[in-house]
Amino acid sequence: MDVIKLDISNALDSKLTADAVNALLPEATEALSKVDNGTGAGNDFLGWVDLPSRLSDELIADINATAARLRNECEVVVAIGIGGSYLGAKAVIEALSDSFAAYRTDGLPKVLFAGQNIGEDYLFELMRYLDGKRFGIIVISKSGTTTEPAIAFRLLKEKLEREQGKEVASRRIVAITDEHRGALRQLATEEGYKTFVIDDNVGGRFSVLTPVGLLPIAVAGYDINKLIEGAAQMERVTCDGAFGSNPSLLYAATRNALYRSGKKIEILVNYSPKLHYFGEWWKQLYGESEGKDHKGIYPAAVDNTTDLHSMGQWIQDGERIIFETVISVDTTEHEVVIPTDEANLDGLNYIAGKRVDQVNKMAELGTRIAHVDGGVPNMRVVVPALNETYLGQLIYFFEKACGISGYMLGVNPFNQPGVEGYKSNMFALLEKPGYEEQTAAIKNRLK
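These figures come from a predicted structure and were not determined experimentally.

A.B. asks: Give a detailed account of the sheet that holds strand S6 (residues 194-197), specifying residues and quantitative values.
C.D. replies: In spatial order, the strands read S3-S2-S4-S5-S6; together these five strands make up an open sheet with parallel pairing. Edge positions in the sheet fall to strand S3 (110-114) and S6, since each has one partner strand and no second. Taken over all neighbouring pairs, the strand axes of this sheet differ in orientation by 20° on average, direction set aside. Relative to the sheet, helix H4 (residues 57-73) contacts strand S2 (76-80), strand S4 (135-140), strand S5 (173-177) and S6, its axis offset from that of S6 by approximately 145°.

Here's what the structure looks like:
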């Protein structure tokens, strides 16, 4: 089995030379050691580092058996979670799914998502869609009190119990939560839900290879054994302290060298519509890990060639504070050949007989050349194909690089102190008990 490859040649120029990247090897290697040996800040959240190689056969079999039961009993399974509790599963399912699976009936349950927003219309329309359907719930929350998923779970749990009865509901609800503590753990124990544990030492944005991500992916019908196998392959590859054999090390060092040269924004680029949500997962992984202490590369993502007709102008000619990381997929699953048209009114006969993917790849190559010529360095991550094994490799590659890069930035990559600010204000505005003083202060500000 091949492994994904990283090419940084288009990130190097007179301003950022190979020597400048190589000069960061000692710093990058030290950061790698902190990740692998647990000697850096946030080292109590490093359970993901050896996760692929230590997942037990018993746990994987349990996840697969639970997924099979839900597939057998349900037409729809709603995965409730927010942030890392939904983005990883959503990214993998979207990458592997038929683009029009939502419009087809193939016997597999549809995996839908809730609790990732507080959209009233979204929740109403979801519940209306579930009317008359056999549905189940995977609720993912360490505490059980996070606002967005807690609202969704309260609504869907009430609907399921009302329509199917508590006994059926207790069988169709699976809780992924803390082992001992929290409101969801207490409820799961009282109601007899099947449960899986969110380990204390794995943060949400690193949780896709735990039951948090694996169960919804398995319910959708995909091979989590291969996903884990691919991640384990990359785990072995990224233990090495040399740029030449460790792509995560090289990626982390190069992006930090670019940051120090004035490139403050990284754009993750894909040329496959199936990777849109992978970009969303990546944005959370890097944004929440690095954006602190007034430091950090701003993570953005585009879907090309679509976004070349919207963001392309800014990327080509805007302020030169950006660099790109392009995910390039070598082979597609299907083949479509462009036909000849006798009238040729659209002027496309010059590409007649070529595959659509060949045109797409020339668009990718042409864009990378144009952007480099326009002062936008880019790195290229080459993925042989979109399947479970390579997605497992890609996930772990970015996770490992994120830990290394965060330490090189001089931050704790595994906390997220800044996400609490909006919550306390929201609680105060909603007049939650215990926030009376803050409620009064905010009301005075709004007068």
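A.B. asks: Give me the lowdown on the side chain of arginine 205, citing residues and values where you can.
C.D. replies: Following the sequence through the fold, arginine 205 ends up in the loop between S6 and helix H10 (211-219). On the basis of relative accessible area, arginine 205 is assigned to the buried category, the value being 4%. Looking at arginine 205, its side chain comes within polar contact range of the side chain of glutamate 288, at 2.9 Å. Of note is the side chain of arginine 205, whose polar atom sits 2.7 Å from the backbone oxygen of proline 413. Apart from the residues within four sequence positions on either side, arginine 205 is in contact with Gly84, Trp281, Gln284, Leu285, Glu288, Ser289, Lys292, Glu399, Pro413, Phe414, Asn415 and Gln416.

A.B. asks: How would you sum up the packing of helix H17 (residues 421-429) against helix H18 (residues 436-446)? Please name residues and give values.
C.D. replies: Close contact between H17 and H18 brings their axes to 8 Å; oriented N to C, the two are set at 85°. Classed by the angle they form, the pair H17 and H18 counts as roughly perpendicular. Side by side, H17 and H18 meet where Ser424, Asn425, Ala428 and Leu429 of the first sit next to Gln438, Thr439, Ile442 and Leu446 of the second.

A.B. asks: Would you mind going over the side chain of glutamate 148 in detail, with residue names and values included?
C.D. replies: Inspection of the secondary structure puts glutamate 148 in helix H7 (residues 147-164). On the basis of relative accessibility, which here comes to 9%, the residue glutamate 148 falls in the buried class.

A.B. asks: I'd like to hear about the packing of aromatic side chains, residue by residue, with values.
C.D. replies: Counted under the stated rule, the structure contains 15 aromatic pairs. Each ring, one from tyrosine 407 and one from phenylalanine 414, has its centre 6.0 Å from the other, and the planes form 75°; the classification is edge-to-face. Its relative accessible area of 4% is what places phenylalanine 414 among the buried residues. Arranged with centres 5.5 Å apart and planes meeting at 65°, the rings of phenylalanine 427 and tyrosine 435 form a pair that is edge-to-face. Classification of phenylalanine 427 as buried rests on a relative accessible area of 16%. We classify tyrosine 435 as partly exposed; its relative accessible area is 23%. Aromatic ring contacts, followed pair by pair, group Tyr251, Phe278, Trp281, Trp282, Tyr286, Phe397 and Phe398 into a single cluster. Lying over the aromatic face of phenylalanine 196, lysine 194 brings its terminal NZ or CZ to 5.0 Å of the ring centre.

A.B. asks: Could you give me a rundown of the pairing of S6, with the residues and numbers involved?
C.D. replies: Across four bridges, S5 lies against S6 in parallel orientation. Bridging from a neighbouring strand, threonine 177 pairs with valine 197 of S6. As for the winding sense of the linkage, the β-α-β connection from S5 through helix H9 (residues 183-191) to S6 is right-handed.

A.B. asks: Mind laying out the sheet that holds strand S7 (residues 265-270), listing which residues take part and the relevant values?
C.D. replies: Ordered in space as S1-S10-S9-S7-S8, the five strands form an open sheet in which the pairing is mixed. Two strands lie at the open edges of the sheet, namely strand S1 (5-7) and strand S8 (298-303), each paired on one side alone. Strand after strand, the sheet turns through a mean of 20° between neighbouring axes, direction not considered. Across the sheet, helix H12 (residues 247-260) is in contact with S1, S7, strand S9 (322-331) and strand S10 (378-385); its angle to S10 comes to roughly 155°. Contacts from helix H13 (residues 276-290) reach S7, S8 and S9, with the element oriented near 175° to S8.

A.B. asks: Please set out the pairing of S5 residue by residue, giving values where relevant.
C.D. replies: Most of S5 sits inside the fold, with five of its five residues counted as buried. Along S5, one buried face is formed by Ile173, Ala175 and Thr177 and the opposite face, lined by Val174 and Ile176, is buried too.

A.B. asks: Any details on the nonpolar core? Residues and values, ideally.
C.D. replies: In terms of nonpolar packing, the biggest core is built from 95 residues, with Trp48, Leu215, Tyr251, Phe278, Trp281, Leu394 and Phe398 touching the most fellow members. Setting aside its immediate chain neighbours within four residues, tyrosine 251 contacts Leu6, Glu266, Trp282, Tyr286, Thr325, Met379, Phe397, Phe398 and Ala401. With 20 residues, the next largest nonpolar core counts Leu126, Val139, Ala169 and Tyr193 among its residues.

A.B. asks: Any chance you could break down the environment of glycine 213 for me, citing the residues and the numbers?
C.D. replies: With respect to the secondary-structure elements, glycine 213 resides in helix H10. In the structure, glycine 213 is positioned 123 residues away from lysine 90 in sequence and 8.4 Å away in space, judged by C-alpha atoms. Residue contacts for glycine 213: discarding those within four places in its chain leaves Ala89, Ser207 and Val208.

A.B. asks: Account for unusual backbone geometry, with residues named and values stated.
C.D. replies: Cis geometry is adopted by the peptide bond preceding threonine 305, which originates at asparagine 304 and carries an omega value of 10°. Relative to the elements of secondary structure, threonine 305 occurs in the loop between S8 and helix H14 (312-317). Of note in this structure, aspartate 293 is not a glycine but carries a positive phi near 55°. Residue placement: aspartate 293 occurs in the loop between H13 and S8. One non-glycine residue with positive phi stands out, namely histidine 294, at about 60°. With respect to the helices, strands and loops of the structure, histidine 294 is situated in the loop between H13 and S8.

Thresholds applied
Numbers given for residues are sequential positions, taken from 1 along each chain in its written order. Where totals are concerned, whole chains, interfaces and linings use all residues; where local detail is concerned, this predicted model gives features only for residues with pLDDT of at least 70, and gives and counts side-chain atom pairs only at 80 or more. Neither water nor hydrogens contribute to the side-chain values; these are computed over all heavy atoms in the structure. What makes two strands pair is DSSP finding at least two bridges between them. Helix and strand assignments come from DSSP, with helices taken as H or I runs of at least 4 residues and strands as E runs of at least 2, each series counted from the N terminus. Axis definition: a line fit to C-alpha positions, over the contact stretch in the case of helices; interaxial angles, taken between N-to-C directions, run 0 to 180 degrees. We call two residues in contact whenever any of their non-hydrogen atoms come within 4.5 Å of each other. Exposed residues in this analysis have more than 50% of their type's maximum accessible area, buried residues have under 20%, and partly exposed residues fall in between, with area computed by a 1.4 Å probe over protein chains only. Under the rule applied, a polar contact is a pair of N or O atoms within 3.5 Å (in protein, one hydrogen donor and one hydrogen acceptor; residues adjacent in sequence only if both atoms are side-chain atoms). Here roughly perpendicular refers to angles of 65 to 115 degrees, roughly parallel to angles under 35, roughly antiparallel to angles over 145, and oblique to all remaining angles. Here a pair means two rings of Phe, Tyr or Trp (six-membered ring of Trp) with centres within 6.5 Å. Their orientation is stacked below 30 degrees between planes, edge-to-face above 60, and tilted elsewhere. Comment: the charge-over-ring label is applied if NZ (Lys) or CZ (Arg) is within 6 Å of the ring centre and within 35 degrees of the ring normal. A crossover gets the label right-handed when its path from the first strand over the helix to the second runs clockwise, viewed with the strands pointing away from the viewer. Nonpolar cores were defined as sets of buried Ala, Val, Leu, Ile, Met, Phe, Trp, Tyr and Cys residues, with membership established by side-chain atoms within 4.5 Å.

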